[in-house]
Amino acid sequence: MKKGIFEERWRRTKYCGHVRGTDEGENIVLNGWVRRRRDLGGLIFIELWDHTGLVQVVFNPEEDPNLHEEAKSLRSEYVVAIKGKVRRRPEGTENPSLETGEWEVIAEEMVILSSAELPPFDLWDTDKVYENLRLQYRYLDIRRSQMQEALRLRSAVASFTRNFLGARGFIEVETPMLTKSTPEGARDFLVPSRLAPGKFYALPQSPQLFKQILMVGGVDRYYQIAKCFRDEDLRADRQPEFTQIDIEMSFITEEDVIELIEEYMVGLFEAVIGVALERPFVRLSYKEAIERFGSDKPDLRIPLEIKDLTPIFSSTSFVPFVKVLEGGGTIRGLLVPGGGELSRKELAELEDYAKELGAKGMVPCPFKEQNMKGPLAKKLSDEEKHNLVEQLHMKDGDLLLIVADTDFKKACEILGQIRIKVANRLGLIEEDSWKVLWVTDFPLLEWDEEEGRWVSIHHPFTAPKNEDLELLPKDPGKVRSRAYDIVLNGNEIGGGSIRIHDAGVQRMLFEALSITPEKAKERFGFLLEALSYGTPPHGGIALGLDRLVMLLGKKKSIREVIAFPKTQRGQCLMTGAPSDVEESQLEELFIKLKEEAKDGADVC
Ligand code: ASP
């Protein structure tokens, strides 16, 4: 195989995927990768690929025996430039699955620009490929149409975002990567400083403090497509570095942010996937979301709601319920239309799942032949049964699942998880619909058992509702915040708040969080100081770009929409990061590794 040089005459005149009938009879130059070669009846066919698609190229020994001979050396993923003439494929040989499938290019000249090893997996059919292999050879993986589409979709979302916000007076400001620990509550990634030995920068968990300081600086409307870093144990679908569309505005209320983001989402969906979202988006208070759906990010594509059965059982004699009610608890039910088709085994599995989630028990009550069945039916009074059937509109084939607990939130959240599980099992999710909603009125703080103190649900710069402010020193758990989350199909895709813009209120909050004035000064002194120099009321939001693109692209994981993602263990399989460094690099940083760290001990 003789490799050639890429000269001017080999510059492409057409992309592979763009060859059409209007090119018939034309001489064109294509540049691309050989995806597949087939030798058939003396002819050689290759499918030539570039990011726009595939086109068939034919080498005919009768037209040019030397070129045909050379084509025999072509292998998958060789890079070539080909000159040839476009013609309609002979009748019966068209390929309707290709956009170029009615035409082919008869090769007249070719230069091989690069050879290729045999790829470690088939680039056509990666569904069956072990993901780690795809990540190790990401450059090959990226040559697949699915990855190309995902990256282009991501780019379209980023462009739309910049245009949309730019047109509304937002300016993009970059904030530092090497900074001080920020307050989102996760573990920081630390970077040792050579110039200040023994001191560390932290990579930002978000640009939160900087964007607030930009408001103090009079920027008025800021945005940034910002990288954020959180050193968490990587649950399910998280990445140690991820991207936010980060926004902050001055002299506004919650309604301004909600209005902006609704307009943005409607425009985005229309522009990138041609879907019309309905406005205004649904709004639920946190309490209502938990009560009705058992989640603060409910998937409203599931047509099931949790009901409060406590009044029906107010004078019950069923002992477990009596005990829960005496303890001030709640009895909640989830009616599953068609749930009667679940087998005994499946019901038992559901009950086990509820127990895993912390339920003392979950009682399944099937409804058949106009009657309640199951073990509970015998224990309830006729009136209780009648009320259940009437109030829940139970029909034959339905299934009622009941959870009772002294902890209201726990009872609802257990049924919330069960709701998702049964909906999946019974195919109740409206897969093709898009359900967006706002969740508001979150509590400002929650009690952290482990730490034995109140902690912020969002972050400590979230403003309390004005009317709840006086509760802050007395009853912190009752204070509601001015935060809002946006949820799409059961995924939290963003969240934000109106911020505290008064240094005094900010100090009060640190106090409620048991952050001493000294500690507050050490960590956030610069913010407190900034707040004391004339701060406009302000607020904002951050949308998770990775998750948004994943949902728009109907992908199962955010790794499918990130060019170079990390594994669940935080590794980049392509580059091998994280990796050892030279002893001399450590010396410069005055760092000495502990013995057990030297062999890369597995601490997870
Ligand atoms: N900085 C917040 C976060 O990363 C978002 C915000 O409050 O704007 O969750």
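Residues numbered from 1 in each chain as written. Predicted model: local features only at pLDDT ≥ 70, side-chain atom pairs only at ≥ 80, totals over all residues. Heavy atoms only, no water.

A. Local environment of the overall build of the chain. Per the secondary structure count, the chain includes 17 helices and 22 strands. Each principal axis of the C-alpha atoms in the chain carries an extent, and together these give about 95 × 75 × 55 Å. Going through the 604 residues of the chain one by one, you find that 47% of them count as buried. Relative to all contacts within the chain whose residues are 6 or more apart in sequence, the contacts with residues 24 or more apart total 69%. (Helix = DSSP H or I, 4+ residues; strand = E, 2+ residues; numbered from the N terminus. Buried < 20%, exposed > 50% of the residue type's maximum accessible area, 1.4 Å probe, protein only. Contact = heavy atoms within 4.5 Å.)

B. Structural detail: empty space enclosed by the protein. Within the structure shown, the criterion is met by one cavity of 30 Å³ or more. Here the largest cavity is characterised by a volume of approximately 40 Å³. Of the residues contributing to the lining of the largest cavity, the split by class is six nonpolar, no polar and one charged. (1 Å grid on protein atoms, 1.4 Å probe; cavity = no way out; pocket = protein on both sides within 12 Å on 5 of 7 lines; lining within 4 Å. Points joined across faces, edges and corners; volume = space filled by probe spheres on them. Nonpolar A, V, L, I, M, F, W, Y, C, P; charged D, E, K, R; others polar.)

C. Focus on the site of the ligand. As a matter of local geometry, the ligand sits amid twelve residues, with Gln208, Lys211, Gln244, His459 and Arg499 nearest to it. Contacts to the ligand include Lys211, whose side-chain N or O atom sits 2.7 Å from an oxygen atom. The side chain of Gln244 places a nitrogen or oxygen atom 2.9 Å from an oxygen atom of the ligand. Protein contacts shield 87% of the accessible area of the ligand, which totals 270 Å² for the unbound molecule. Looking at the shell around the ligand, the elements that each hand over two or more residues are helix H5 (208-216), strand S21 (491-498) and strand S22 (538-544). (Near = heavy atom within 4 Å. Polar contact = N/O pair within 3.5 Å; in protein donor to acceptor, adjacent residues only side chain to side chain. Areas by Shrake-Rupley, 256 points an atom, 1.4 Å probe, with all protein chains shown as cover.)

D. Quick look at the sheet that holds S21. Here eight strands make up an open sheet; going across it, the order is S6-S9-S10-S22-S21-S20-S17-S11 and the pairing mixed. Edge positions in the sheet fall to strand S6 (171-172) and strand S11 (282-285), since each of these pairs with one other strand and no more. The strands touched by helix H6 (residues 254-273) are strand S10 (241-250), S11, strand S17 (436-440), strand S20 (483-488), S21 and S22; relative to S10, the strand with the most contacts, the crossing angle is about 130°. Seen against the sheet, helix H7 (residues 286-293) touches S11 and S17 and runs at an angle of roughly 90° to S11. (Pairing = 2+ DSSP bridges. Axes fitted to C-alpha atoms, helices over the stretch in contact; angles between N-to-C directions.)

E. Representation of the environment of Arg499 within the structure. Structurally, Arg499 can be placed in the loop between S21 and helix H13 (503-512). The class for Arg499 is buried, based on a relative accessible area of 2%. It is 6.0 Å that separates the C-alpha atoms of Arg499 and His538, two residues lying 39 residues apart in sequence. Those residues in contact with Arg499 that lie beyond four places of it in its chain are Gln208, Lys211, Gln212, Ile247, Glu248, His459, Phe461, Ala463, His538, Gly539, Gly540 and Ile541. A distance of 2.7 Å separates a polar atom in the side chain of Arg499 from a polar atom in the side chain of Ser497.

F. Main features of the packing of helix H4 (residues 145-167) against helix H15 (residues 545-552). Relative to each other, H4 and H15 sit at 120°, their axes nearing to 10 Å. Relative to H15, the element H4 lies oblique. Along this stretch, H4 crosses H15, giving a crossing that reads as right-handed. Of H15, the residues touching H4 (which contributes Ala150, Leu153, Arg154 and Val157) are Leu545, Asp546, Val549 and Leu552. In terms of residue class, the contact of H4 with H15 is made up of six nonpolar, no polar and two charged. (Parallel < 35°, antiparallel > 145°, perpendicular 65-115°, else oblique. Left-handed = near helix turned anticlockwise from the far one by under 90°.)

G. Geometry of H6. With 20 residues, H6 should reach 28 Å at 1.5 Å per residue; the first-to-last C-alpha distance of 28 Å fits that figure. Positive phi shows up at Gly274, right after H6, with a value of about 65°. (Expected span 1.5 Å × (residues − 1).)

H. Looking closely at the pattern of salt bridges. Applying the stated criterion to the full structure yields 54 salt bridges. Taking the shortest distance from any N to any O, the salt bridge between Asp468 and Arg480 comes out at 2.9 Å. In this pair, Asp468 is assigned in the loop between strand S19 (453-456) and helix H12 (471-474) and Arg480 in the loop between H12 and S20, connecting sequence segments twelve residues apart. Taking the relative accessible area as the measure of exposure, Asp468 reaches 6% and is therefore buried. (Salt bridge = Lys/Arg side-chain N within 4 Å of Asp/Glu carboxyl O.)

I. Region of the structure containing the environment of Ala483. Assignment of secondary structure puts Ala483 in strand S20. Taking relative accessible area as the criterion, Ala483 reaches 3% and is therefore assigned buried. Residues Ala483 and Ile457, 26 residues apart in the sequence, show an inter-C-alpha distance of 9.4 Å. Every residue in contact with Ala483, bar those within four places of it in the chain, is listed here: Val439, Thr440, Asp441, Phe442, His458, Thr462, Gly496 and Ser497.

J. Quick peek at the pairing of strand S16 (residues 398-405). The buried fraction of S16 amounts to eight of the eight residues, a majority that puts the element mostly inside the structure. Burial along S16 is two-sided: the residues Asp398, Leu400, Ile402 and Ala404 and Leu399, Leu401, Val403 and Asp405 are all buried. By the bridge criterion, seven bridges tie strand S13 (residues 330-336) to S16 in an arrangement that is antiparallel. Following the sheet pairing, Thr330 is matched in S16 by Asp405. Bridging between strand S14 (residues 363-368) and S16 involves five bridges; their strand directions are antiparallel. Each residue of the ladder has a partner; that of Val363, found in S16, is Ile402.

Keep in mind these values describe shape, not function.
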